[in-house]
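Listed below are the residues making up each chain.
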Amino acid sequence: MKKLIFFFVLISLFSCGDYIDKPKNLVSQDKMAEIMADLAINDQATFMYPNSNLEAGTRYVLKTHHVNSADYIESFKYYVVKEKMNGIVEDAQKILLKKDPKAEKYVKDKMSKTGNTENLPLLSR
């Protein structure tokens, strides 16, 4: 019985480790928010101009921030697992609202009309 209890204690100690290791070239949370804001603008540009290339715009955004696509993906996964992505998305939304004050009015109008945030764009929630 003592061996069984020891075995369960030992398993519980090893199961408390991290699910993901910190990436070697982790993108900071502030830079990640800036990148996500620029990617949201890029996404809207491709919506407005259907013949534009989303992939080229994404590469341009990452290049202007001096971030490798692999580093961005690894950092994104890391922040999702560490449950820090909500804060990063909120910071990205603040950046977007600073860049376009009309967007803030749009968000407030939508919230006042509907009373909920279900119909708002993802970064507006």
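Residues numbered from 1 in each chain as written. Predicted model: local features only at pLDDT ≥ 70, side-chain atom pairs only at ≥ 80, totals over all residues. Heavy atoms only, no water.

S.K.: Hey, could you run me through the overall build of the protein in this one?
M.R.: When helices and strands are counted, the protein shows six helices and zero strands. Shown N-terminal to C-terminal, the secondary structure of the protein runs as helices and strands in the order α-α-α-α-α-α. Looking at the protein as a whole, 25% of its 125 residues qualify as buried. Taking as baseline every contact in the protein between residues at least 6 positions apart, the subset at least 24 positions apart corresponds to 70%. Total accessible area computed for the protein in this model is approximately 9,800 Å², and 58% of it derives from carbon and sulfur atoms. (Helix = DSSP H or I, 4+ residues; strand = E, 2+ residues; numbered from the N terminus. Buried < 20%, exposed > 50% of the residue type's maximum accessible area, 1.4 Å probe, protein only. Contact = heavy atoms within 4.5 Å. Areas by Shrake-Rupley, 256 points an atom, 1.4 Å probe, with all protein chains shown as cover.)

S.K.: Just to check I follow, could you spell out the pattern of salt bridges for this structure?
M.R.: Opposite charge on two side chains allows them to pair when their charged atoms are near. For the coordinates displayed, the defined rule picks out three salt bridges. Salt-bridge contacts for Glu 74 lead to Lys 77; the nearest nitrogen and oxygen are separated by 3.9 Å. Residue Glu 74 and its partner Lys 77 are both found in helix H4 (residues 69–81); the two are separated by three residues, about one turn of the helix. (Salt bridge = Lys/Arg side-chain N within 4 Å of Asp/Glu carboxyl O.)

S.K.: Would you mind going over the nonpolar core with me for this structure?
M.R.: Nonpolar side chains tend toward joint burial in soluble globular proteins. Residues Met 32, Ile 35, Tyr 72 and Ile 88 are the most contacted members of the largest nonpolar core, which totals 19 residues. Going through the elements one at a time, helix H2 (29–48), helix H3 (54–64), H4 and helix H5 (85–99) are the ones with two or more residues in this core. Once you skip the residues sitting within four places of it in the chain, Tyr 72 turns out to touch Val 27, Met 32, Ile 35, Met 36, Leu 39, Leu 62 and Val 67. (Core = buried A, V, L, I, M, F, W, Y, C linked by side-chain atoms within 4.5 Å.)

S.K.: What is the right way to read the packing of aromatic side chains from this model?
M.R.: Under the definition given, this model contains two aromatic pairs. Here Tyr 72 and Phe 76 contribute two aromatic rings whose centre-to-centre distance is 6.2 Å and whose plane-to-plane angle is 35 degrees, an arrangement assigned as tilted. Residue Tyr 72 and its partner Phe 76 are located together in helix H4, separated by four residues, close to a single helical turn. Since its relative accessible area comes to 13%, Tyr 72 is described here as buried. (Phe/Tyr/Trp six-rings, centres within 6.5 Å; stacked < 30°, edge-to-face > 60°.)

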